[in-house]
Amino acid sequence: MLVTVLGASGRTGIHVVRLLMRHGHTVRAGLRSRDRGAEVARFGATPVLADLASGADALLEAFTGADAVINTAGAADPDPSAVNLVDRDGSIAAVEAAERAGVPRFVQLSAQFADAPDQGDRLVRSILLAKQVSDIALQRSSLIWTLVRPGTLTDEPPTGRVRIAGHLEPGRVPRPDVAAVLAASLHEPRTENRGFDVVTGEIPVSSALASVS
Ligand SMILES: NC(=O)c1ccc[n+]([C@@H]2O[C@H](COP(=O)([O-])OP(=O)(O)OC[C@H]3O[C@@H](n4cnc5c(N)ncnc54)[C@H](OP(=O)(O)O)[C@@H]3O)[C@@H](O)[C@H]2O)c1
């Protein structure tokens, strides 16, 4: 598959790039600036410019010909204006660009409680609300979608084991395990047009995805 990864230089995105390349896919690593190109090129991915703040037109070249988009981007700044620009409007622009470019499949890294955003402090609420709005836009699109909603992300080593369900108690999960869920979702039909929470757990990623309902 040819996969465009958005936020490819991010702490989760880089693991998605690494795993997709390891599994024999061709990867366009979407970056908002060329400065971080070397970090993704070392895995064999092709760096491409894909700034979510630039609107749908600017994303078309990175998407054209791709079989799937995996969106792992998130605002660098928790300020609501930055979050709305990237996590809300930027993600919506990516969905629109994928539709216009004819990309059939779109996997979105969302967040636990994005489907019930009335919680947390002001900044957490604003992130969850931005993600809820863009997640709904994806669900309403013509794309085959998957919404992956992890708990708190950590930089601990991967365990390869997760718990996945429509809704889970608050939890934590290593970024490489989330990346494995995002990458493997492309090959598990049960994840098509589904959203689910992910926290660390006891079940191998492929088995957990095969039980999505
Ligand atoms: N932190 C948590 O506990 C948590 C929990 C659940 C979900 N999430 C979500 O999971 C996602 C990934 O989190 P993370 O911690 O791995 O993120 P991260 O390390 O902060 O990486 C975010 C990525 O998004 C990119 N980005 C920022 N603005 C962009 C733009 N305008 N256009 C394109 N790309 C842009 C960044 O590019 P640069 O490298 O150029 O900055 C970076 O590659 C985020 O959406 C986050 O909200 C986080």
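In this report, the structure presented in the accompanying data block is examined. (Residues numbered from 1 in each chain as written. Predicted model: local features only at pLDDT ≥ 70, side-chain atom pairs only at ≥ 80, totals over all residues. Heavy atoms only, no water.)

Once that is clear, we can look at the side chain of Lys131. Inspection of the secondary structure puts Lys131 in helix α5 (residues 122-139). Setting aside anything within four residues of it in sequence, one finds Lys131 in contact with Ala73, Asp87, Leu109, Ser110, Ala111 and Ala114. (Helix = DSSP H or I, 4+ residues; strand = E, 2+ residues; numbered from the N terminus. Contact = heavy atoms within 4.5 Å.)

All right, on to helix α4 (residues 80-101) then. The terminal C-alpha atoms of α4, which comprises 22 residues, lie 29 Å apart, in line with the 32 Å expected from a rise of 1.5 Å per residue. At Gly90, α4 is bent by approximately 35°, the largest bend along its length. Those residues of α4 lying buried are Pro80, Ala82, Val83, Val86, Asp87, Gly90, Ser91, Ala93, Ala94, Val95, Ala97 and Ala98. The secondary structure elements touched by the buried residues of α4 are β1 (2-6), α3 (60-63), β4 (68-71), β5 (105-109) and α5. At the exit of α4 stands Gly102, carrying a positive phi of roughly 80°. (Expected span 1.5 Å × (residues − 1). Bend = angle between axes of the 7 residues up to and from the residue. Buried < 20%, exposed > 50% of the residue type's maximum accessible area, 1.4 Å probe, protein only.)

With respect to the helices, strands and loops of the structure, Thr12 is situated in the loop between β1 and α1 (13-22). What makes Thr12 buried here is its relative accessible area of 5%. The residues contacting Thr12, other than those within four sequence positions of it, are Leu109, Leu153, Arg175, Val178, Ala179 and Leu182.

Our next topic: unusual backbone geometry. Residue Phe113 is not a glycine yet carries a positive backbone phi of 75°. Taking the relative accessible area as the measure of exposure, Phe113 reaches 24% and is therefore partly exposed. The phi dihedral of Asn193 is positive, around 60°, even though this residue is not glycine. With respect to the helices and strands, Asn193 occurs in the loop between α6 (175-185) and β10 (194-200). Its relative accessible area of 33% is what places Asn193 among the partly exposed residues.

This part covers the packing of α4 against α5. At a minimum axis separation of 9 Å, α4 and α5 run at an interaxial angle of 10°. Considering their axes alone, α4 and α5 lie roughly parallel with respect to each other. Together, Pro80, Val83, Asn84, Asp87, Arg88, Ser91, Ile92 and Val95 of α4 and Arg122, Leu123, Ser126, Ile127, Ala130, Lys131, Val133, Ser134, Ala137 and Leu138 of α5 make up the contact between the two elements. Along the lines of polarity and charge, the residues of the contact of α4 with α5 split into 10 nonpolar, 4 polar and 4 charged. (Axes fitted to C-alpha atoms, helices over the stretch in contact; angles between N-to-C directions. Parallel < 35°, antiparallel > 145°, perpendicular 65-115°, else oblique. Nonpolar A, V, L, I, M, F, W, Y, C, P; charged D, E, K, R; others polar.)

Before going further, it helps to examine the sheet that holds strand β8 (residues 161-165). An order of β3-β2-β1-β4-β5-β6-β10-β8-β11 is seen for the 9 strands of this open sheet, with the pairing classed as mixed. Every interior strand has two partners, whereas the edge strands, β3 (46-49) and β11 (203-204), have only one. Direction of pairing for β5 relative to strand β6 (residues 144-150): parallel, over a ladder of 5 bridges. Note that in β6 the partner of Val107 across the bridge is Thr146. Set on the sheet, α4 makes contact with β1, β4 and β5; between it and β5 the angle comes to about 170°. (Pairing = 2+ DSSP bridges.)

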